[in-house]
Amino acid sequence: MTTTAVSPLRTDFERSVADYWNTNRVDPVNLRLGEVDGLYHHHYGVGEPDWSVLDGPGQGVIAELHRLESAQADLLLDHLGPVQPGDAVLDGGSGRGGTSIMANARFGCRVDGVSISEYQVDFANEQAARRGVADQVRFHFRNMLASGFGDGSRRAIWTNETTMYVDLFDLYAEFARMLRFGGRYVCITGCANDVTGRRAKSVSRINEHYTCDIHPRSEYFKALAANGLVPINVVDLTAATIPYWELRAKSEVATGIEEAFLTAYREGSFHYLLIAADRV
Ligand code: GPP
Ligand code: MG
(Lines give C-alpha, C1' and ligand atoms only; values in the text may rest on other atoms or scores of the structure.)
(Ligands and ions follow the chains in the order given, each with its own letter.)
Protein backbone atom coordinates (compact mmCIF):
# COMPACT_ATOMS: atom_id res chain seq x y z
CA MET A 1 0.00 0.00 0.00
CA THR A 2 1.22 3.50 -0.78
CA THR A 3 0.45 6.04 1.92
CA THR A 4 1.00 9.75 2.12
CA ALA A 5 2.65 11.31 5.15
CA VAL A 6 -0.41 13.42 5.94
CA SER A 7 -3.76 11.65 6.29
CA PRO A 8 -5.88 12.06 3.17
CA LEU A 9 -8.93 12.37 5.43
CA ARG A 10 -9.43 16.06 5.98
CA THR A 11 -12.97 16.47 7.28
CA ASP A 12 -15.43 14.71 9.56
CA PHE A 13 -17.52 13.91 6.50
CA GLU A 14 -14.57 12.26 4.74
CA ARG A 15 -13.80 10.29 7.89
CA SER A 16 -17.39 9.04 8.05
CA VAL A 17 -17.25 8.02 4.37
CA ALA A 18 -13.96 6.17 4.90
CA ASP A 19 -15.46 4.53 7.94
CA TYR A 20 -18.43 3.27 5.90
CA TRP A 21 -16.17 1.63 3.31
CA ASN A 22 -13.66 0.33 5.86
CA THR A 23 -16.29 -1.39 7.96
CA ASN A 24 -18.73 -2.51 5.25
CA ARG A 25 -16.62 -5.58 4.41
CA VAL A 26 -19.12 -8.39 4.54
CA ASP A 27 -21.13 -7.33 1.52
CA PRO A 28 -22.26 -10.40 -0.42
CA VAL A 29 -23.76 -8.19 -3.15
CA ASN A 30 -20.20 -7.14 -4.02
CA LEU A 31 -18.09 -10.08 -2.84
CA ARG A 32 -20.17 -12.88 -4.34
CA LEU A 33 -20.36 -11.08 -7.67
CA GLY A 34 -16.61 -10.43 -7.57
CA GLU A 35 -15.88 -14.09 -6.92
CA VAL A 36 -17.35 -14.95 -10.32
CA ASP A 37 -14.13 -13.94 -12.11
CA GLY A 38 -12.07 -11.94 -9.59
CA LEU A 39 -13.21 -8.49 -10.77
CA TYR A 40 -14.68 -6.69 -7.76
CA HIS A 41 -16.96 -3.77 -8.59
CA HIS A 42 -18.59 -1.00 -6.57
CA HIS A 43 -21.02 0.22 -9.16
CA TYR A 44 -24.23 -0.92 -10.77
CA GLY A 45 -25.08 -2.60 -14.05
CA VAL A 46 -26.47 -1.85 -17.51
CA GLY A 47 -28.08 -3.88 -20.26
CA GLU A 48 -30.83 -6.41 -20.75
CA PRO A 49 -30.60 -9.38 -18.36
CA ASP A 50 -31.20 -12.97 -19.34
CA TRP A 51 -34.34 -13.29 -17.22
CA SER A 52 -34.29 -17.10 -17.49
CA VAL A 53 -31.62 -17.12 -14.76
CA LEU A 54 -34.46 -16.57 -12.29
CA ASP A 55 -35.68 -20.11 -13.05
CA GLY A 56 -32.33 -21.67 -12.14
CA PRO A 57 -30.05 -21.77 -9.07
CA GLY A 58 -29.15 -18.52 -7.30
CA GLN A 59 -25.61 -18.60 -8.66
CA GLY A 60 -26.98 -17.93 -12.14
CA VAL A 61 -28.53 -14.67 -10.94
CA ILE A 62 -25.24 -13.68 -9.26
CA ALA A 63 -23.32 -14.32 -12.49
CA GLU A 64 -25.86 -12.33 -14.50
CA LEU A 65 -25.72 -9.33 -12.14
CA HIS A 66 -21.93 -9.47 -12.39
CA ARG A 67 -22.09 -9.58 -16.18
CA LEU A 68 -24.23 -6.40 -16.18
CA GLU A 69 -21.84 -4.62 -13.80
CA SER A 70 -18.83 -5.55 -15.96
CA ALA A 71 -20.79 -4.34 -19.01
CA GLN A 72 -21.18 -0.98 -17.25
CA ALA A 73 -17.40 -0.73 -16.70
CA ASP A 74 -16.79 -1.74 -20.32
CA LEU A 75 -19.14 1.02 -21.46
CA LEU A 76 -17.22 3.55 -19.39
CA LEU A 77 -13.92 2.37 -20.92
CA ASP A 78 -15.44 2.60 -24.43
CA HIS A 79 -15.62 6.36 -23.86
CA LEU A 80 -12.01 6.85 -22.69
CA GLY A 81 -10.67 7.25 -26.24
CA PRO A 82 -7.54 5.66 -27.73
CA VAL A 83 -5.51 5.12 -24.56
CA GLN A 84 -2.05 3.71 -25.40
CA PRO A 85 0.17 1.29 -23.46
CA GLY A 86 2.56 4.12 -22.56
CA ASP A 87 -0.21 6.30 -21.11
CA ALA A 88 -1.06 6.79 -17.44
CA VAL A 89 -4.68 7.00 -16.32
CA LEU A 90 -6.39 7.63 -12.99
CA ASP A 91 -9.38 5.96 -11.33
CA GLY A 92 -10.92 8.46 -8.89
CA GLY A 93 -12.45 6.41 -6.07
CA SER A 94 -11.20 3.00 -7.14
CA GLY A 95 -13.04 0.79 -4.65
CA ARG A 96 -11.97 -2.85 -4.82
CA GLY A 97 -10.29 -2.20 -8.16
CA GLY A 98 -12.52 -3.76 -10.85
CA THR A 99 -12.61 -0.90 -13.38
CA SER A 100 -8.87 -0.20 -13.01
CA ILE A 101 -7.93 -3.81 -13.67
CA MET A 102 -10.25 -3.90 -16.70
CA ALA A 103 -8.68 -0.68 -18.05
CA ASN A 104 -5.19 -2.14 -17.84
CA ALA A 105 -6.33 -5.39 -19.46
CA ARG A 106 -7.90 -3.47 -22.34
CA PHE A 107 -5.32 -0.74 -22.99
CA GLY A 108 -2.12 -2.08 -21.42
CA CYS A 109 -1.75 1.32 -19.77
CA ARG A 110 -0.47 2.30 -16.34
CA VAL A 111 -3.37 2.76 -13.91
CA ASP A 112 -3.39 4.50 -10.55
CA GLY A 113 -6.46 4.17 -8.37
CA VAL A 114 -7.11 6.28 -5.30
CA SER A 115 -9.45 5.64 -2.39
CA ILE A 116 -9.86 7.07 1.10
CA SER A 117 -10.62 3.57 2.40
CA GLU A 118 -7.41 1.81 3.44
CA TYR A 119 -9.25 -1.49 3.44
CA GLN A 120 -10.28 -1.02 -0.19
CA VAL A 121 -6.78 0.04 -1.22
CA ASP A 122 -5.28 -3.11 0.33
CA PHE A 123 -7.96 -5.33 -1.18
CA ALA A 124 -7.49 -3.85 -4.65
CA ASN A 125 -3.68 -4.10 -4.52
CA GLU A 126 -4.06 -7.75 -3.61
CA GLN A 127 -6.24 -8.28 -6.69
CA ALA A 128 -3.65 -6.60 -8.91
CA ALA A 129 -0.91 -8.79 -7.43
CA ARG A 130 -3.00 -11.92 -7.91
CA ARG A 131 -3.42 -11.06 -11.59
CA GLY A 132 0.27 -10.32 -12.00
CA VAL A 133 -0.31 -6.67 -12.94
CA ALA A 134 0.83 -4.97 -9.72
CA ASP A 135 3.64 -3.26 -11.63
CA GLN A 136 1.07 -1.56 -13.89
CA VAL A 137 -2.00 -1.13 -11.66
CA ARG A 138 -1.45 0.52 -8.29
CA PHE A 139 -3.92 1.59 -5.66
CA HIS A 140 -3.13 4.40 -3.25
CA PHE A 141 -4.59 5.59 0.05
CA ARG A 142 -5.19 9.10 -1.21
CA ASN A 143 -7.99 11.61 -1.55
CA MET A 144 -9.11 12.20 -5.14
CA LEU A 145 -9.50 15.89 -4.30
CA ALA A 146 -5.72 16.09 -3.76
CA SER A 147 -4.18 12.93 -5.16
CA GLY A 148 -0.77 14.49 -5.84
CA PHE A 149 -0.08 13.10 -9.32
CA GLY A 150 1.83 15.39 -11.67
CA ASP A 151 0.42 18.27 -13.72
CA GLY A 152 -0.62 17.03 -17.17
CA SER A 153 0.43 13.49 -16.29
CA ARG A 154 -2.85 11.75 -17.22
CA ARG A 155 -4.16 10.72 -20.63
CA ALA A 156 -7.52 9.93 -19.04
CA ILE A 157 -9.32 10.04 -15.70
CA TRP A 158 -12.62 8.49 -14.71
CA THR A 159 -14.98 8.32 -11.77
CA ASN A 160 -17.28 5.33 -11.63
CA GLU A 161 -20.06 6.30 -9.21
CA THR A 162 -17.90 8.20 -6.76
CA THR A 163 -18.62 11.88 -7.40
CA MET A 164 -21.53 11.97 -4.94
CA TYR A 165 -18.93 12.06 -2.16
CA VAL A 166 -17.15 15.27 -3.15
CA ASP A 167 -17.52 18.89 -4.19
CA LEU A 168 -17.52 18.80 -7.99
CA PHE A 169 -15.78 22.15 -8.44
CA ASP A 170 -12.88 21.03 -6.23
CA LEU A 171 -12.77 17.65 -7.97
CA TYR A 172 -12.71 18.96 -11.52
CA ALA A 173 -10.09 21.59 -10.68
CA GLU A 174 -7.84 18.76 -9.50
CA PHE A 175 -8.64 16.57 -12.52
CA ALA A 176 -8.07 19.44 -14.96
CA ARG A 177 -4.65 19.99 -13.40
CA MET A 178 -3.62 16.36 -13.95
CA LEU A 179 -5.13 15.84 -17.41
CA ARG A 180 -2.96 16.67 -20.38
CA PHE A 181 -4.38 18.94 -23.08
CA GLY A 182 -6.96 16.89 -25.01
CA GLY A 183 -7.12 14.29 -22.22
CA ARG A 184 -10.45 12.65 -21.55
CA TYR A 185 -12.56 12.54 -18.39
CA VAL A 186 -15.41 10.01 -18.12
CA CYS A 187 -17.98 9.98 -15.35
CA ILE A 188 -20.77 7.55 -14.63
CA THR A 189 -23.01 8.80 -11.88
CA GLY A 190 -26.47 8.96 -10.44
CA CYS A 191 -27.73 12.54 -10.28
CA ALA A 192 -30.90 14.28 -9.21
CA ASN A 193 -33.21 15.75 -11.82
CA ASP A 194 -33.12 19.54 -11.40
CA VAL A 195 -36.70 19.71 -12.64
CA THR A 196 -38.32 17.33 -10.16
CA GLY A 197 -35.75 15.56 -8.03
CA ARG A 198 -34.17 17.92 -5.55
CA ARG A 199 -36.31 16.93 -2.59
CA ALA A 200 -37.39 13.46 -3.64
CA LYS A 201 -37.70 11.01 -0.74
CA SER A 202 -36.22 8.19 -2.80
CA VAL A 203 -33.06 10.23 -3.49
CA SER A 204 -32.77 11.08 0.23
CA ARG A 205 -33.01 7.39 1.05
CA ILE A 206 -30.12 6.60 -1.29
CA ASN A 207 -28.04 9.39 0.27
CA GLU A 208 -28.69 8.05 3.72
CA HIS A 209 -27.94 4.45 2.75
CA TYR A 210 -24.49 5.23 1.33
CA THR A 211 -23.55 8.33 3.40
CA CYS A 212 -23.37 10.35 0.20
CA ASP A 213 -24.76 13.59 -1.20
CA ILE A 214 -26.18 13.17 -4.70
CA HIS A 215 -25.65 16.25 -6.87
CA PRO A 216 -28.22 17.72 -9.23
CA ARG A 217 -27.53 17.15 -12.91
CA SER A 218 -26.80 20.85 -13.51
CA GLU A 219 -23.93 20.84 -11.03
CA TYR A 220 -21.91 18.49 -13.24
CA PHE A 221 -22.04 20.74 -16.26
CA LYS A 222 -21.33 23.90 -14.27
CA ALA A 223 -18.30 22.33 -12.59
CA LEU A 224 -16.97 20.85 -15.84
CA ALA A 225 -17.34 24.18 -17.68
CA ALA A 226 -15.67 26.06 -14.85
CA ASN A 227 -12.60 23.84 -15.20
CA GLY A 228 -11.95 23.63 -18.93
CA LEU A 229 -13.65 20.26 -19.35
CA VAL A 230 -15.85 20.24 -22.45
CA PRO A 231 -18.50 17.49 -22.79
CA ILE A 232 -18.30 15.42 -25.97
CA ASN A 233 -20.87 12.80 -24.97
CA VAL A 234 -23.73 12.68 -22.52
CA VAL A 235 -25.63 9.40 -22.33
CA ASP A 236 -28.73 8.88 -20.23
CA LEU A 237 -28.33 5.30 -18.98
CA THR A 238 -31.44 5.33 -16.81
CA ALA A 239 -33.47 2.97 -19.00
CA ALA A 240 -30.45 0.68 -19.36
CA THR A 241 -29.93 0.31 -15.61
CA ILE A 242 -33.54 -0.27 -14.47
CA PRO A 243 -33.52 -3.98 -15.46
CA TYR A 244 -30.35 -4.49 -13.39
CA TRP A 245 -32.22 -3.20 -10.34
CA GLU A 246 -35.26 -5.32 -11.13
CA LEU A 247 -33.11 -8.44 -11.28
CA ARG A 248 -31.14 -7.45 -8.18
CA ALA A 249 -34.39 -6.92 -6.24
CA LYS A 250 -35.28 -10.55 -6.92
CA SER A 251 -31.82 -11.91 -6.05
CA GLU A 252 -30.61 -13.41 -2.80
CA VAL A 253 -28.07 -10.56 -2.47
CA ALA A 254 -30.64 -7.74 -2.47
CA THR A 255 -29.68 -5.20 0.22
CA GLY A 256 -32.96 -3.34 0.65
CA ILE A 257 -31.96 -0.25 -1.36
CA GLU A 258 -33.33 -1.65 -4.63
CA GLU A 259 -36.83 -0.15 -4.29
CA ALA A 260 -35.44 3.33 -3.68
CA PHE A 261 -33.44 3.17 -6.93
CA LEU A 262 -36.36 1.76 -8.87
CA THR A 263 -38.74 4.41 -7.53
CA ALA A 264 -36.27 7.24 -8.14
CA TYR A 265 -35.55 6.18 -11.72
CA ARG A 266 -39.17 5.45 -12.58
CA GLU A 267 -40.56 8.67 -11.12
CA GLY A 268 -37.86 10.62 -12.97
CA SER A 269 -36.35 12.27 -9.89
CA PHE A 270 -33.00 10.61 -10.55
CA HIS A 271 -30.96 9.77 -13.66
CA TYR A 272 -28.09 7.39 -14.35
CA LEU A 273 -25.73 9.40 -16.55
CA LEU A 274 -22.48 8.94 -18.45
CA ILE A 275 -20.59 12.13 -19.24
CA ALA A 276 -17.40 12.21 -21.33
CA ALA A 277 -15.46 15.48 -21.51
CA ASP A 278 -12.21 16.69 -23.03
CA ARG A 279 -9.63 18.86 -21.30
CA VAL A 280 -9.03 22.00 -23.32
C1 GPP B 1 -21.79 1.83 -4.40
O2 GPP B 1 -21.69 0.72 -5.12
C3 GPP B 1 -22.01 3.02 -5.20
C4 GPP B 1 -22.15 4.15 -4.51
C5 GPP B 1 -22.07 4.24 -3.07
C6 GPP B 1 -22.43 5.39 -5.16
C7 GPP B 1 -23.86 5.75 -5.06
C8 GPP B 1 -24.32 5.61 -6.41
C9 GPP B 1 -25.33 6.28 -6.93
C10 GPP B 1 -25.66 6.08 -8.36
C11 GPP B 1 -26.10 7.22 -6.15
P12 GPP B 1 -21.68 -0.63 -4.30
O13 GPP B 1 -21.50 -1.68 -5.30
O14 GPP B 1 -20.72 -0.59 -3.17
O15 GPP B 1 -23.15 -0.65 -3.69
P16 GPP B 1 -23.95 -1.96 -3.25
O17 GPP B 1 -23.23 -2.50 -2.06
O18 GPP B 1 -25.34 -1.48 -2.95
O19 GPP B 1 -23.89 -2.90 -4.42
MG1 MG C 1 -22.44 -3.37 -5.70
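Residues numbered from 1 in each chain as written. Chains lettered and ligands numbered in written order. Predicted model: local features only at pLDDT ≥ 70, side-chain atom pairs only at ≥ 80, totals over all residues. Heavy atoms only, no water.

Focus: the UniProt feature "domain: Methyltransferase" (unreviewed entry) in the chain
Note the cut-off: UniProt positions are given in the numbering used here, feature names are shortened, and annotations may be inferred rather than shown by experiment. The helix and strand labels rest on DSSP assignments: H or I over at least four residues marks a helix, E over at least two residues marks a strand, and numbering proceeds from the N terminus.
As annotated in UniProt, the feature "domain: Methyltransferase" (unreviewed entry) corresponds to residues 89-183 in the numbering used here. Counted over residues 89-183, helix gives 36% and strand 28%. Its end C-alpha atoms are 10 Å apart.

Let's talk about the nonpolar core
Let me state the cut-off plainly: Here, nonpolar core means buried Ala, Val, Leu, Ile, Met, Phe, Trp, Tyr and Cys residues that are tied together by side-chain atoms lying within 4.5 Å of each other. Think of it in three bands: with a 1.4 Å probe and only protein chains considered, a residue is buried below 20% of the maximum accessible area for its type, exposed above 50%, and partly exposed in between. The criterion used for residue contact is that any of the two residues' heavy atoms lie within 4.5 Å.
Core analysis: the biggest nonpolar cluster contains 87 residues, and Tyr 172, Phe 175, Tyr 185, Ile 206, Tyr 210 and Phe 261 have the highest contact counts within it. If we skip the residues at most four places from it in the chain, Tyr 172 touches Thr 163, Tyr 185, Cys 187, Tyr 220, Ala 223, Leu 224, Asn 227 and Leu 229.

Overview of the site of ligand 1
Heads up, the condition is: When at least one non-hydrogen atom of a residue lies within 4 Å of a molecule or strand, that residue is treated as near it. Definition of a polar contact: a pair of N or O atoms within 3.5 Å, with one able to donate and the other able to accept a hydrogen when the atoms are protein atoms, and with sequence-neighbouring residues admitted only if both atoms are side-chain atoms. Here, Shrake-Rupley sampling with a 1.4 Å probe gives the accessible areas, and only protein chains in the shown set may cover a residue.
Every one of the 15 residues lining ligand 1 counts as a neighbour, but Trp 21, Asn 30, His 42, Tyr 210 and Arg 248 are closest to it. Asn 30 places a side-chain nitrogen or oxygen 2.9 Å from an oxygen atom of ligand 1. Between ligand 1 and the protein, one listed contact pairs an oxygen atom with a side-chain N or O atom of Tyr 210 at 2.5 Å. Here ligand 1 loses 98% of its free accessible area of 510 Å² to cover by the protein chains.

Describing helix α6 (residues 168-178)
Taken together, the buried positions of α6 are occupied by Leu 168, Leu 171, Tyr 172, Glu 174, Phe 175, Ala 176 and Met 178. Close packing links the buried residues of α6 with β2 (88-92), β5 (154-160), β6 (179-192), α8 (217-225), β7 (229-236) and β8 (270-279). Measuring from the side-chain oxygen of the N-cap residue of α6 to the backbone nitrogen of Phe 169 gives 2.9 Å; that N-cap residue is Asp 167.

Re helix α3 (residues 58-78)
Residues that lie three or four places apart on an α-helix share one face, since the helix turns once every 3.6 residues. This is how the line gets drawn: Residue count minus one, scaled by 1.5 Å, sets the expected span of a helix.
For α3, which comprises 21 residues, the first-to-last C-alpha distance of 30 Å matches the rise-based estimate of 30 Å (1.5 Å per residue) to within 8%. Buried within α3 we find Val 61, Ile 62, Glu 64, Leu 65, His 66, Leu 68, Glu 69, Ser 70, Gln 72, Ala 73, Leu 76 and Leu 77. For α3, the elements touching its buried residues are α2 (28-34), α4 (98-107), β5, β6, α9 (238-249) and β8.

Describing the packing of α6 against α8
The line we're drawing: Axis definition: a line fitted to C-alpha atoms, limited for helices to the stretch in contact. Angles are taken between N-to-C directions and run from 0 to 180 degrees. Left-handed is the label given to a crossing in which the near helix is rotated counterclockwise from the far helix by less than a right angle, and right-handed is the label when the rotation is clockwise. Polar here means any residue other than Ala, Val, Leu, Ile, Met, Phe, Trp, Tyr, Cys and Pro, which are nonpolar, and Asp, Glu, Lys and Arg, which are charged; Gly is therefore polar.
Where α6 contacts α8, the axes come no closer than 9 Å and their chain directions differ by 40°. Regarding α6 and α8, the two cross each other, and that crossing is right-handed. Along its contact with α6, which presents Leu 168, Phe 169 and Tyr 172, the element α8 presents Glu 219, Tyr 220, Lys 222, Ala 223 and Leu 224. Of the residues belonging to the contact of α6 with α8, the class tally is six nonpolar, no polar and two charged.

Side note on the environment of Ser 269
Its location among the elements puts Ser 269 in the loop between α10 (258-267) and β8. Residue Ser 269 is classed as buried on the basis of its relative accessible area of 2%. Along the sequence, Ser 269 and Asn 193 sit 76 residues apart, while their C-alpha atoms lie 5.1 Å from each other. Here the side chain of Ser 269 touches Glu 267 through a polar contact of 2.6 Å, side chain to side chain.

Concerning the side chain of Ser 70
If you trace the backbone, Ser 70 turns up in helix α3. Ser 70 gets classed as buried once you look at its relative accessible area, which sits at 11%. With near-sequence residues (within four places) excluded, Ser 70 lies in contact with Leu 39, His 41 and Met 102.

Notes on the layout of surface pockets
Our working definition: Buried and open spaces are told apart on a 1 Å grid over the protein atoms alone, a cavity being a set of points where a 1.4 Å probe fits but cannot get out and a pocket being an open set with protein on both sides within 12 Å along at least five of seven lines. Residues with an atom within 4 Å of a point are the lining residues. Grid points are joined across faces, edges and corners, and a volume is the space filled by probe spheres set on the points.
Computed from the structure, the largest pocket encloses a volume of approximately 770 Å³. Along the walls of the largest pocket sit 50 residues, with Trp 21, His 42, Glu 161, Thr 162 and Tyr 165 positioned nearest its centre. Listing elements by their share of the lining of the largest pocket, those giving two or more residues are α1 (12-23), α2, α4, β3 (110-115), β6, α7 (201-210), α10 and β8. No other element matches the five residues that α1 contributes to the lining of the largest pocket. Grouping the constituent residues of the lining of the largest pocket by class yields 22 nonpolar, 21 polar and seven charged.

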